[in-house]
Each structure stands twice: as C-alpha cells, then as structure tokens.
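# Observations on the three-dimensional arrangement
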Amino acid sequence: MPILIDTIDDATARAACARQAHRPDALIEVLHDIQRTTGFVSDAAIATIADALNLSRAEVLGVVSFYHDFDRQPGARHTLKLCRAEACQAAGGEAVARRLEAALGGTNNAIAIRSVYCLGNCALGPAALLDERPIGRLDPDALIAELTASGALSGTAE
Ligand code: FES
C-alpha cells in the first residue's frame, strides 16, 4: 500500500522548525539545520516544514532547489566545493576542476563535487572547500593522493 506523503511527519524537520520558533523567515536556517543533521532534505521534510512554518510546499521546494547547499537525496560522504569564479579561473582553476572531476567523478558516492563562485580565498586560488576544510593553491594530484591515502574514496578509513 502506498504511503501518502501527507501522512508523514518528519520529526527532524519538526524539531528544526521549533528551534526557529516556527518563523517563516527562518526557512533557510531550518533547511541548513536539516541538511546538517540528515544530509539531505526529503519530501517528508518539505511537507513538514511547509506545515510548521505556514508556507506552501512550492515555496519550500523553490528555496531548496535554488540553493546548491541542499540535497534532495542522501548524498556523498564528502563534498568538495571547487571555486569557479574569476580569480580562481585566472589561477588555473578550470584545469584543476577538470582533473578532479575526471579523477573523482565516478567514485561511487564518496565525493560530491560542486561548483561555487568565490569562497573568499581568492588570494590562494585555485580555492576549494573539502567538507568544512578550506584548501588554497589546490593541487589536484596532492588532493587525490590525500583522499586515497585516507580511505575517503573507498570508505575504509578516515
Ligand atoms: S574567486 Fe575563488 S575564492 Fe574567490
């Protein structure tokens, strides 16, 4: 028997909304809270947020879809944000990005690569952010070697 999404109440989303006192203008904070806690924003979370913040589901989904920070499916174990803005492009960022996408693009849910546009680390371009760790003067081969050695690509060790 199919489960109707209307009957699902996402406890994580409900708690995130409560922490923001159910303020509709705190939608972004609620979504970041859920993304941090669960790694993605599910259909049930969207329905629950809409109910708790008195917004339409379309409004919530619109925000989730607009920002690259929110995933709609369970995501990769690590996120690598590559800066593609001008200063990093001038420092060779596009070649670095191509090398990393070629090497890591098929690593089976280990690393999600995302393009971002300025990380505020322009003087040390090409710049990146691996999970929460800033990386300047990004050397793709050194990063690949580090990820391999740490087991991040295989999920064996960290
Ligand atoms: S342009 Fe890349 S960090 Fe600013």
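Residues numbered from 1 in each chain as written. Predicted model: local features only at pLDDT ≥ 70, side-chain atom pairs only at ≥ 80, totals over all residues. Heavy atoms only, no water.

### Quick word on unusual backbone geometry
To be explicit about the condition: Secondary structure follows DSSP: runs of H or I at least 4 residues long count as helices, runs of E at least 2 residues long count as strands, and numbering of each begins at the N terminus. Think of it in three bands: residues with accessible area under 20% of the maximum for their type are buried, residues over 50% are exposed, and the middle band is partly exposed, with areas taken using a 1.4 Å probe on protein chains only.
A cis amide bond, omega -5°, links Gly125 with the succeeding residue Pro126. Summarising the element assignment, Pro126 is placed in the loop between strand 2 (111–116) and strand 3 (128–130). Phi is positive for His22, which is not a glycine, with a value near 55°. Residue His22 is classed as partly exposed on the basis of its relative accessible area of 37%.

### Quick notes on the side chain of Ser42
Counted only if it meets this: Residues adjacent in sequence count toward polar contacts only when both atoms are side-chain atoms; beyond that, a polar contact is any pair of N or O atoms within 3.5 Å, and within protein one must be able to donate a hydrogen and the other to accept it. Whether two residues touch is decided by their heavy atoms; if any such pair falls within 4.5 Å, the residues are in contact.
Tracing the sequence through the fold places Ser42 in the loop between helix 2 (27–38) and helix 3 (43–53). A polar contact of 3.0 Å, which involves the side chain of Ser42, links it to the backbone nitrogen of Ala45. For Ser42, the contacting residues outside a window of four places in its chain are Asp10 and Arg72.

### Some details on the pattern of salt bridges
Where we set the bar: We define a salt bridge as a side-chain nitrogen of Lys or Arg found within 4 Å of a carboxyl oxygen belonging to Asp or Glu.
What the rule picks out here adds up to 11 salt bridges. Of the charged contacts in the structure, one is a salt bridge between Asp9 and Arg14, with a shortest N-O distance of 2.4 Å. Given the relative accessible area of 45%, Asp9 is considered partly exposed. Assessed through its relative accessible area of 27%, Arg14 is described here as partly exposed. Of the charged contacts, one joins Glu94 and Arg84 as a salt bridge, the two residues approaching to 3.0 Å between their closest N and O atoms. With a gap of 10 residues between them, Glu94 in helix 6 (residues 93–104) and Arg84 in the loop between strand 1 (78–83) and helix 5 (86–90) connect regions that are remote in the sequence. Residue classification places Glu94 among the partly exposed positions, given a relative accessible area of 25%.

### Some points on the packing of aromatic side chains
The condition that has to hold: Working definition: rings of Phe, Tyr and Trp (its six-membered ring) pair if their centres are within 6.5 Å, and the pair is stacked with planes under 30 degrees apart, edge-to-face with planes over 60 apart, and tilted otherwise.
Applying the stated rule across the entire model yields 2 aromatic pairs. When the centroid spacing of 5.0 Å and the interplanar angle of 85° are considered together, the rings of Phe66 and Tyr67 count as edge-to-face. Ring centres of Tyr67 and Phe70 lie 6.3 Å apart, and the angle between their planes is 80°; on these two criteria the pair is classed as edge-to-face. Overall, the relative accessible area of 37% leaves Tyr67 in the partly exposed class. For Phe70, a relative accessible area of 6% puts it in the buried group. Through a chain of ring-to-ring contacts, the aromatic side chains of Phe66, Tyr67 and Phe70 assemble into a single cluster.

### Digging into the side chain of Asp71
Along the chain, Asp71 falls in the loop between helix 4 (57–66) and strand 1. Excluding its chain neighbours within four sequence positions, the residues that come into contact with Asp71 are Gln35, Gly39, Phe40, Val41 and Arg114.

### Some details on the layout of surface pockets
The condition that has to hold: Cavities and pockets are found on a 1 Å grid laid over the protein atoms alone: a cavity is a set of points where a 1.4 Å probe fits but cannot escape, a pocket is an open set with protein on both sides within 12 Å along at least five of seven lines, and a lining residue has an atom within 4 Å of such a point. Grid points are joined across faces, edges and corners, and a volume is the space filled by probe spheres set on the points. Any residue that is not Ala, Val, Leu, Ile, Met, Phe, Trp, Tyr, Cys, Pro, Asp, Glu, Lys or Arg is counted as polar, Gly included; the first ten are nonpolar and the last four charged.
Here the largest pocket defines a volume of roughly 500 Å³. Along the wall of the largest pocket there are 18 residues; nearest its centre are Gln35, Asp69, Thr79, Lys81 and Glu132. When residues of the lining of the largest pocket are traced back to their parent elements, those giving at least two are helix 2, strand 1 and strand 2. At 4 residues, the largest contribution of residues to the lining of the largest pocket is made by helix 2. Across the lining of the largest pocket, the residue classes break down as 3 nonpolar, 7 polar and 8 charged.

### Digging into the domain arrangement of the chain
Cut-off, in case you're wondering: These domain boundaries are the output of an automatic or database domain assignment.
Domain annotation for the chain reports domain 1 (5–66) and domain 2 (78–150). Between domain 1 and domain 2, the C-alpha centre-to-centre distance is 30 Å.

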